[in-house]
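Single-letter residue listing:
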Amino acid sequence: MFQKRKRLVSVAAGAAAVLVAVAACGGSSSDGGSDGRTYTVGVLTDVTGPAASGNESSVDGVKAGVYYAAREGYTIKYVVADTATNPTTALSAAQKLVTQDHVFAVIAASAIAYSAAPFLTAQKIPVIGMPQDGPEWNTAPNMFPITGPYPTGDVTTTMGEIFKKLGATNVASLAYAVSPGSQVAAGLAAESAKEVGLKIGYLNTQFPFGGTDVGPAVLAMKEAGIDGFTATVDPNTAFALIKGLRQQGVDIKAALLPTGYGGDLLQAGPGALDEADGVYFTLPYQPVEMKTAATKQFQADLKEAGITDEPTFAQYNGYTSVGLLIRGLKAAGADPSRASLTTALESIHDWDALGLFDTGLDINAPKIGTNGKGECLYVAQLKGSEFVPVEGVLPACGRMVPGRQVKPAA
């Protein structure tokens, strides 16, 4: 079994405001908020700040996950800690979850969870969530990613093959300067496209975090003659780029975005639906429009939680995080401790996200593609006001490119 390694990071502490929300009833104990089959869980997420547009609705996903947990015989009480998309606030919010709220585990859905990770690791708190912020998801022994390993820089052909299928020949890729994960993902998309024979006309990994002043980038892409586009950014930035490219008359055969699917369009502001018409969206989960047993159950649990709009990517993440927690608890024995939960999660090598993946993946693998395959992605296109799953990429699973890696910018 791959053994994760600890990574030491020094992060300054400071005062923070924490938003608290509670779902269901529960007790607490000295081992972090557990009482029989009732557990107190912290939700560390970006409720406010630049990353809120991509992460705040993860709380709704957790709320829906509470109903899944109840069917499995578990009661979940959750406390929401707002990072404010600020590293100092994120650390102090995590400290409050542990020292004052006495949570049993933490669900992380934050672009800056890396700032709280060393503290949570030192406290041996099990952390489950979306690996969007840094490589600690692969190295910290207490952190378990719901969508598989954080990108290590190993190139796969998945994105390139999707672009090629959609007819793109000259690709642009853009990322946030402040986020190593965003930079690596943008570089991987570019290298993936290059590997399948496409041209990389524009690569920018230094875009301001959360920015919508896209004029210079749009003009540069137009000058480069791009007809394919991706950006590992929040929906507000992505849709501003799409709008700008169209206003400049750029013929985009494949605008392929990892954010913005479903309810994320509603959070992107007025006019986003029109701006996103024709755009393709990738996600690691089955789109609900596939109407599988798993997506129907997901939507039913969202409805129980009072959420009837199209699901967001963050809601998928919150929901499946609860699912992975419950799977770990089931395997952790009759009276789980944090240590036994961690041990149970370390044994999971076939996670299928409550059926929302077609096949199981190894959440403890050291990197994507341990069996020679790249990551698997589903693709849906917005047509008018409806998302339509794209045949032939449900999902698309590429291959690993031996010896090719991408590193974040210095």
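Basis of the calculations
- Residues numbered from 1 in each chain as written.
- Predicted model: local features only at pLDDT ≥ 70, side-chain atom pairs only at ≥ 80, totals over all residues.
- Heavy atoms only, no water.
- Helix = DSSP H or I, 4+ residues; strand = E, 2+ residues; numbered from the N terminus.
- Buried < 20%, exposed > 50% of the residue type's maximum accessible area, 1.4 Å probe, protein only.
- Contact = heavy atoms within 4.5 Å.
- Areas by Shrake-Rupley, 256 points an atom, 1.4 Å probe, with all protein chains shown as cover.
- pLDDT = per-residue confidence, 0-100.
- Salt bridge = Lys/Arg side-chain N within 4 Å of Asp/Glu carboxyl O.
- Polar contact = N/O pair within 3.5 Å; in protein donor to acceptor, adjacent residues only side chain to side chain.
- Pairing = 2+ DSSP bridges.
- Disulfide = S-S within 2.5 Å.
- Axes fitted to C-alpha atoms, helices over the stretch in contact; angles between N-to-C directions.
- Parallel < 35°, antiparallel > 145°, perpendicular 65-115°, else oblique.
- Nonpolar A, V, L, I, M, F, W, Y, C, P; charged D, E, K, R; others polar.
- Expected span 1.5 Å × (residues − 1).
- Left-handed = near helix turned anticlockwise from the far one by under 90°.

## With respect to the overall build of the protein chain
Across its full length, the protein chain holds 14 helices and 15 strands. A buried classification covers 58% of the 410 residues belonging to the protein chain. Restricting to contacts in the protein chain with at least 6 residues of sequence separation, those with at least 24 account for 72%. For the protein chain, the accessible surface area stands at approximately 15500 Å², while carbon and sulfur atoms represent 52% of it.

## Overview of the confidence of the model for the protein chain
Residues with a pLDDT of 70 or more make up 88% of the protein chain, whose mean pLDDT is 87. Throughout residues 369-373 the model reports pLDDT below 50, and contacts reaching past four residues in sequence, or to other chains, amount to 8 contacts.

## Re the pattern of salt bridges
Taken as a whole and assessed by the stated rule, the structure comprises 9 salt bridges. The salt bridge involving Lys330 is made with Glu72; its shortest N-O contact spans 2.4 Å. In this pair, Lys330 is assigned in helix α13 (residues 313-331) and Glu72 in the loop between α2 (58-71) and β3 (75-82), connecting sequence segments 258 residues apart. Among the residues examined, Glu72 registers a relative accessible area of 27% and is labelled partly exposed. Here Asp101 and Lys96 are joined by a salt bridge, their closest N and O atoms 3.1 Å apart. Each member of the salt-bridge network shares a partner with another, and the members are Glu191, Lys194, Glu195, Arg399 and Arg404.

## Things to note about the side chain of Ser192
Counting through the fold element by element, Ser192 comes out in helix α7 (residues 180-195). A relative accessible area of 1% places Ser192 in the buried class. A polar contact is formed between the side chain of Ser192 and the backbone nitrogen of Met159, at a distance of 3.4 Å. Beyond its immediate stretch of four places on either side in the chain, Ser192 contacts Val155, Thr156, Thr157, Thr158, Met159 and Gly160.

## What about the pairing of strand β8 (residues 170-176)?
Burial analysis of β8 places 7 of its 7 residues in the buried class, which makes it a mostly covered element. Judged from the 6 bridges that link them, β8 and strand β9 (residues 199-207) form a sheet pairing that is parallel. By the bridge assignment, Ala172 is partnered in β9 with Tyr202. One ladder, built from 5 bridges, connects β8 with strand β10 (residues 228-232); its direction is parallel. Considered in β10, the bridge of Ala175 is made with Thr232.

## Description of unusual backbone geometry
Residues Leu394 and Pro395 are joined by a peptide bond in cis, for which omega reads 0°. Along the chain, the position of Pro395 falls in the loop between β14 (386-389) and β15 (396-405). Backbone geometry at His102 places phi at a positive 55°, although glycine is not the residue there. Considering the arrangement of structural elements, one finds His102 in the loop between α3 (87-99) and β4 (105-109).

## Quick notes on the state of the cysteines
Counted according to the given criterion, the structure contains 1 disulfide. Note that Cys376 is cross-linked by a disulfide to Cys397, the S-S spacing being 1.9 Å. Linking Cys376 and Cys397, the disulfide has an S-S dihedral of approximately 120° and is accordingly described as right-handed. Pair noted here: Cys376 is in strand β13 (residues 373-383) and Cys397 is in strand β15, with a separation of 21 residues, a long-range link. By relative accessible area, Cys376 is classed as partly exposed at 29%.

## Brief notes about the packing of α13 against helix α14 (residues 338-346)
Remark: α13 packs on α14, axes separated minimally by 8 Å, with the N-to-C direction vectors making an angle of 105°. Classified by the angle between their axes, α13 and α14 sit roughly perpendicular to one another. The segment α13 lies against α14, with Leu324, Leu325, Gly328, Leu329 and Ala331 engaging Leu341, Ala344 and Leu345. Among the residues making up the contact of α13 with α14, the classes are represented as 7 nonpolar, 1 polar and no charged.

## A look at α3
Taking 1.5 Å as the rise per residue, α3 with 13 residues should run 18 Å; its terminal C-alpha atoms sit 18 Å apart, in good agreement. Among the residues of α3, Thr89, Ala90, Leu91, Ser92, Ala93, Ala94, Lys96, Leu97 and Val98 are the ones counted as buried. Buried residues belonging to α3 abut β2 (38-45), β3, β4 and α4 (117-122). A side-chain oxygen of the first residue of α3 lies 2.9 Å from the backbone nitrogen of Thr88; this N-cap is Asn86.

## Regarding the environment of Val98
By secondary structure assignment, the location of Val98 is in helix α3. A relative accessible area of 7% means that Val98 is categorised as buried. Each C-alpha atom of the pair Val98 and Gln123 lies 8.2 Å from the other, and the pair is 25 residues apart in sequence. Other than its neighbours up to four places away in sequence, Val98 contacts Val103, Phe119, Leu120, Gln123 and Ile125.

## Looking at the packing of helix α8 (residues 215-224) against helix α9 (residues 235-247)
In the contact formed by α8 and α9, the axes pass within 9 Å of each other and the chain directions differ by 50°. In terms of their interaxial angle, α8 and α9 are classed as oblique. Where α8 crosses over α9, the two elements pack in a sense that is right-handed. In this structure, α8 uses Ala217, Val218 and Met221 to contact α9, whose residues at the interface are Leu241, Gly244 and Leu245.

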